[in-house]
Amino acid sequence: MSPALMRVLRVVVLLSAVRGAPLATVTLPPVILEPVPLEPVAPVPVPSEPVRVDSGADQNISIPINTEQQQQQQQQQQQVSLDVDVMLTGELNPNHYPARRAAQVVLHHLNTRYGSPYWWGALRQVHKATAEALGDSGRKYSLEVTLQDQISGTKETCTAEVVFPGGPAGGPPQVTTSYEGKSEINTQAQEEALYNQYNTSQNLLSGHNLPDSYGHVAPGMEPFWHLGGVASSFVMLKESSENTLYNMAQVVSVTQLATENNQLRFNYDVLLHEMVSQEIIHWKLLASWSPQEGVKASQMELLPKCHHCEPPQEH
Amino acid sequence: MGVCVCVCVCVCVCVCVCVLMCVCVNGCVCVCVCACVRACVRVFTRHQVLRISAKDELQLSALRDLEALDHLQLDIWIGVRDVSTPVDIRVPAFSLSTVKSHLDYYEIQYSIMIRDLQVHDSIYNFQDMLVSENPNLVSKIVIGRSYEGRPINVLKFSTGGTSRPAIWLDTGIHSREWVTQASGTWFAKNIVDTYGKDQVLTAILDKMDIFLEIVTNPDGFAYTHSKNRMWRKTRKPNPGSSCVGVDPNRNWDAGFGGAGASSSPCSETYRGPSANSESEVKAIVDFVKSHGNMKAFVSIHAYSQMLLFPYGFTKSPARDHGELNELAKKAITNLASLYGTRYRYGSIINTIYQASGGTIDWTYDQGIKYSYTFELRDTGRYGFILPANQILPTAKETWLALMTIMDHSSRNSY
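The rules we used
Residues numbered from 1 in each chain as written. Chains lettered and ligands numbered in written order. Predicted model: local features only at pLDDT ≥ 70, side-chain atom pairs only at ≥ 80, totals over all residues. Heavy atoms only, no water. Helix = DSSP H or I, 4+ residues; strand = E, 2+ residues; numbered from the N terminus. Buried < 20%, exposed > 50% of the residue type's maximum accessible area, 1.4 Å probe, protein only. Contact = heavy atoms within 4.5 Å. Areas by Shrake-Rupley, 256 points an atom, 1.4 Å probe, with all protein chains shown as cover. Salt bridge = Lys/Arg side-chain N within 4 Å of Asp/Glu carboxyl O. Phe/Tyr/Trp six-rings, centres within 6.5 Å; stacked < 30°, edge-to-face > 60°. Lys NZ or Arg CZ within 6 Å of the ring centre and 35° of its normal. Pairing = 2+ DSSP bridges. Axes fitted to C-alpha atoms, helices over the stretch in contact; angles between N-to-C directions. Left-handed = near helix turned anticlockwise from the far one by under 90°. Nonpolar A, V, L, I, M, F, W, Y, C, P; charged D, E, K, R; others polar. Disulfide = S-S within 2.5 Å. Parallel < 35°, antiparallel > 145°, perpendicular 65-115°, else oblique. Core = buried A, V, L, I, M, F, W, Y, C linked by side-chain atoms within 4.5 Å. Expected span 1.5 Å × (residues − 1).

Draft legend 1. Seen up close, the overall build of chain B. Summing up its helical and strand segments, chain B has 11 helices and 14 strands in all. A burial count over chain B gives 60% of its 414 residues as buried. For chain B, long-range pairs separated by at least 24 residues make up 70% of all intrachain contacts whose partners lie at least 6 apart in sequence. Within the structure as shown, chain B displays about 15000 Å² of accessible surface, and the carbon and sulfur contribution to it stands at 51%.

Below is the structure:
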């Protein structure tokens, strides 16, 4: 909260009595909103390229596309205008949810492959998307996306394919991408330093509520927040379908275990947010990490939604 | 004999219920008693407000040094001026020991004015303060009560007239979306600050009224502070179920019962037993209907960075889809102009998901053409727990989009 806003919200209410009787004056405290975070404010990343307006509509597209594509999209729209259960095929609007959900799956996949306490990918934009039915084998999305490392802000564009398996057994989506690994930012030094710092049987790390209710992450704990996010992508990847969109909502707790096979190991308790159902889903997992091996998650366990349970509030 | 107004602030040191008794004696003297009803299990001090009295220049200088330390994140309520004026500073919990050590070192006298400031009650205080400071522009209307009996307050910004065409803004209908209630509070103050200075806003308010409901789900909001940060719904129990609450954005009479909401009380998108079953929703429905002259209706949520318009319950495009789409594009372009924040836009059902019983589907079908829903920052990194340093930027950029919509409504009467 900026001092400017505080000044603006400030008030002093003076109460007065009448007829010279002793005054009881009470000063009403000014109102506050949220407390402010401990660490210095990082500027909100501003894109280096000019802001591109993302189109939200089919017929009114701000970016010129060829009329053939436009016609195809109009035809599609007419076909599915009344029946929402029919899955779209062909060229998809990259800003509508079917493409976005498939693209999110790509990001979860990339996090499982390339994520670390210093690299945590997020979807920035979908440029192109098509979908096709594979008969019994399910449905395949072909995508061109820009992803962004949430820590350094570095962006990269790649293509990807996501297959959502068909049939009653379902199963996790299968993802392939053209992404070849982190290019610009070199996180190796930071990773080595973190690894060495925590590769000890003394003072095993533990933490909780990352971030806390106010979006604050305790100093020094950010890498473990990131690691939790990356490890959660293992769960979110395997749980994803065309009807879900997952983000990690919060790390409830992280507890370091003794290093094994040169991997740092952490028990994580996380809350995932599933956008379509709006549910908050509680998972436990064991995350292991080293700079050489990257992140792996195992012992993933869904905890039942407890309606009577009230998780402790961090103050 | 005159009239005595009694206002008391009661704080508890412990986690317990504060019982406040305020008695006007002889019509002139207020006596306030505060008792903690339940035994304290542990004392938790979160944020304290310290009143500091510097007695000389050396102490004043020490205080200025303290103020300059950004990492302490102090909120100066009454700043350092001279030795006769006390300094009031809100100190976050993590800075308390540092600040107190500093004060003790310089032997600076201070007292703890407020031991544990509660956020959700303070928004009610803020609303009353805004009205009392700006009686010619702002008034407060209680449009109903929440399930647990909390007042549902709407601020009316008006420069006069009777039943002028109006704009409605609401924040906090889903209680865990804290950036929205915070932004709503900022919007209120910003309207008061810029009326008469900002040409566009002044022109709007000279023709139209603005209604702003900041804490649209007060029970849920209180619950996110006391028990469960991720609570979304109302807090009304569901008979025959151990699960509490109804999704207030699935409880409206628009496509109610259809796909895009749940029939299970345990679900986060539970539609409720019937449309308008929730008093928080019914209050707005009744207000809008009896007002009869609402021209724009904006319901504010978080997160995802989207600007959405009807419909959510059906794929059939709204009659005004073209205009709503164009206006949305303008609004998010203006939003992005401030910090580069990228928004997507489109109908609810295309952009995010199918949702039935939603607010703006109902308001649109009531004839309120400019019906929009925002999903504010961010896109999932922090999600519902957006850090405080993003609240002001979010509020400011969102305001640019709101002004675009309000300005358009004002110029395009129907």
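Text resumes after the structure shown.
Draft legend 2. Expanded view of the pattern of salt bridges. Residues and elements named next belong to chain B. Taken as a whole and assessed by the stated rule, the structure comprises 19 salt bridges over all chains. Here Arg150 and Asp219 are joined by a salt bridge, their closest N and O atoms 2.9 Å apart. Separated by 69 residues along the polypeptide, Arg150 in the loop between β7 (138-145) and β8 (151-157) and Asp219 in helix α6 (residues 218-226) bring together distant segments of the chain. Each of Glu148, Arg150 and Asp219 takes part in a single network of salt bridges with overlapping partners.

Draft legend 3. Highlighting the packing of aromatic side chains. Residues and elements named next belong to chain B. Counting across every chain of the model gives 24 aromatic pairs over all chains. Aromatic side chains Tyr311 and Phe313 sit 5.4 Å apart centroid to centroid with 70° between the ring planes, which places their arrangement in the edge-to-face category. Between the NZ or CZ atom of Arg229 and the centre of the ring of Trp178, over which it lies, the distance is 3.7 Å. We note Arg271 situated over the ring of Phe256; from NZ or CZ to the ring centre the distance is 5.9 Å.

Draft legend 4. Local environment of the sheet that holds strand β10 (residues 209-213) of chain B. Residue and element names in this part refer to chain B. An order of β7-β8-β10-β9-β11-β14-β12-β13 is seen for the eight strands of this open sheet, with the pairing classed as mixed. Two strands in the sheet have a free side with no partner beyond their single neighbour: β7 and β13 (344-347). Across the sheet, the axes of successive neighbouring strands diverge by a mean angle of 20°, strand direction being ignored. Of the pairings in the sheet, the one linking β8 to β10 comprises three bridges and is antiparallel in character. Within β10, the position partnered with Leu155 by the bridge is Leu212. Strands in contact with helix α8 (residues 321-339) are β12 (306-309), β13 and β14 (370-376); relative to β14, the strand with the most contacts, it is inclined by about 40°. Its contacts with the sheet place helix α11 (residues 391-411) against β9 (166-171), β10, β11 (294-302), β12 and β14, and it is angled at close to 170° to β14.

Draft legend 5. Summary view of the environment of Gly184(B). Residue and element names in this part refer to chain B. Tracing the chain through its elements places Gly184 in helix α4 (residues 178-194). In the structure, Gly184 is positioned 14 residues away from Asp170 in sequence and 7.4 Å away in space, judged by C-alpha atoms. Not counting chain neighbours up to four residues away, the residues in contact with Gly184 comprise Thr171, Leu212 and Ile214.

Draft legend 6. Region of the structure containing the packing of α8(B) against α11(B). Residues and elements named next belong to chain B. Running from N to C, α8 and α11 cross one another at 145°; their axes reach a closest spacing of 8 Å. Handedness of the α8/α11 crossing: right-handed. Residues Glu323, Leu327, Lys330, Ala331, Asn334, Leu335, Ser337, Leu338 and Tyr339 of α8 pack against Pro393, Lys396, Glu397, Thr398, Leu400, Ala401, Thr404, Ile405 and His408 of α11. Residue classes in the contact of α8 with α11 are distributed as nine nonpolar, five polar and four charged.

Draft legend 7. Representation of the side chain of Thr398(B) within the structure. Within the secondary structure layout, Thr398(B) lies in helix α11. In contact with Thr398(B), not counting residues within four places along its chain, are Phe187(B), Leu335(B), Tyr343(B), Phe374(B) and Leu376(B).

Draft legend 8. Examining the sheet that holds strand β8 (residues 263-274) of chain A more closely. All names here are of chain A. As summarised here, the arrangement of the five strands in space is β6-β7-β8-β9-β10, forming an open sheet in which the pairing is antiparallel. Strands at the two margins of the open sheet, each flanked by one partner only, are β6 (206-210) and β10 (294-303). Averaged over neighbouring strand pairs, the angle between their axes works out to 20° when direction is ignored. Sheet topology places strand β9 (residues 279-290) next to β10; eight bridges connect them, and they run antiparallel. Looking at the pairing, Leu286 lines up with Ser298 of β10.

Draft legend 9. Summary view of the state of the cysteines. All names here are of chain B. Within the structure shown, the criterion is met by one disulfide over all chains. What pairs with Cys243 in a disulfide is Cys266, and their sulfur atoms sit 2.0 Å apart. Judged by the sign of its S-S torsion, about 85°, the bond between Cys243 and Cys266 is right-handed. In this pair, Cys243 sits in the loop between α6 and α7 (279-291) while Cys266 sits in the loop between α6 and α7, placing the two residues 23 residues apart along the sequence. Cys243 gets classed as buried once you look at its relative accessible area, which sits at 2%.

Draft legend 10. Summary view of the packing of helix α1 (residues 57-68) of chain B against helix α2 (residues 96-105) of chain B. All names here are of chain B. Interaxial distance between α1 and α2 falls to 10 Å at its minimum, and their mutual angle equals 165°. The pairing of α1 with α2 is recorded here as roughly antiparallel in orientation. As α1 runs across α2, the sense of the crossing is right-handed. Contact residues: Ala62, Leu63 and Leu66 in α1; Val99, His102 and Leu103 in α2. By residue class, the composition of the contact of α1 with α2 is five nonpolar, one polar and no charged.

Draft legend 11. Seen up close, the nonpolar core. Core analysis: the biggest nonpolar cluster contains 129 residues, and Phe224(A), Tyr268(A), Phe157(B), Tyr372(B), Phe374(B) and Trp399(B) have the highest contact counts within it. Tallying contributions element by element places α11(B) first for this core, with nine residues. The residues touching Tyr372(B), leaving out its near neighbours within four places in the chain, are Phe297(B), Val298(B), Ser299(B), Leu307(B), Leu308(B), Phe309(B), Glu323(B), Leu324(B), Leu327(B), Ala328(B), Ile360(B) and Ile405(B). Of all hydrophobic cores here, the second largest spans 25 residues; its members include Leu107(A), Tyr114(A), Leu123(A) and Tyr141(A).

Draft legend 12. The arrangement of unusual backbone geometry in detail. The residue after Ala302(B), namely Tyr303(B), is reached through a cis peptide bond having omega 0°. The residue Tyr303(B) is located in the loop between β11 and β12 in this model. Pro310(B) connects to Tyr311(B) through a cis peptide bond whose omega is 10°. Among the structural elements, Tyr311(B) can be located in the loop between β12 and α8. At Asn203(A), a position not held by glycine, the phi torsion is positive, near 50°. Structurally, the position occupied by Asn203(A) is in the loop between α4 (188-198) and β6. Backbone geometry places Gln305(B), a non-glycine residue, at a positive phi of 60°. Residue position: Gln305(B) is located in the loop between β11 and β12.

Draft legend 13. Region of the structure containing α11(B). Here α11(B) spans 30 Å end to end across 21 residues, near enough to the 30 Å set by a 1.5 Å rise per residue. Counting buried positions along α11(B) gives 18 out of 21 residues, so the element sits mostly inside the fold.

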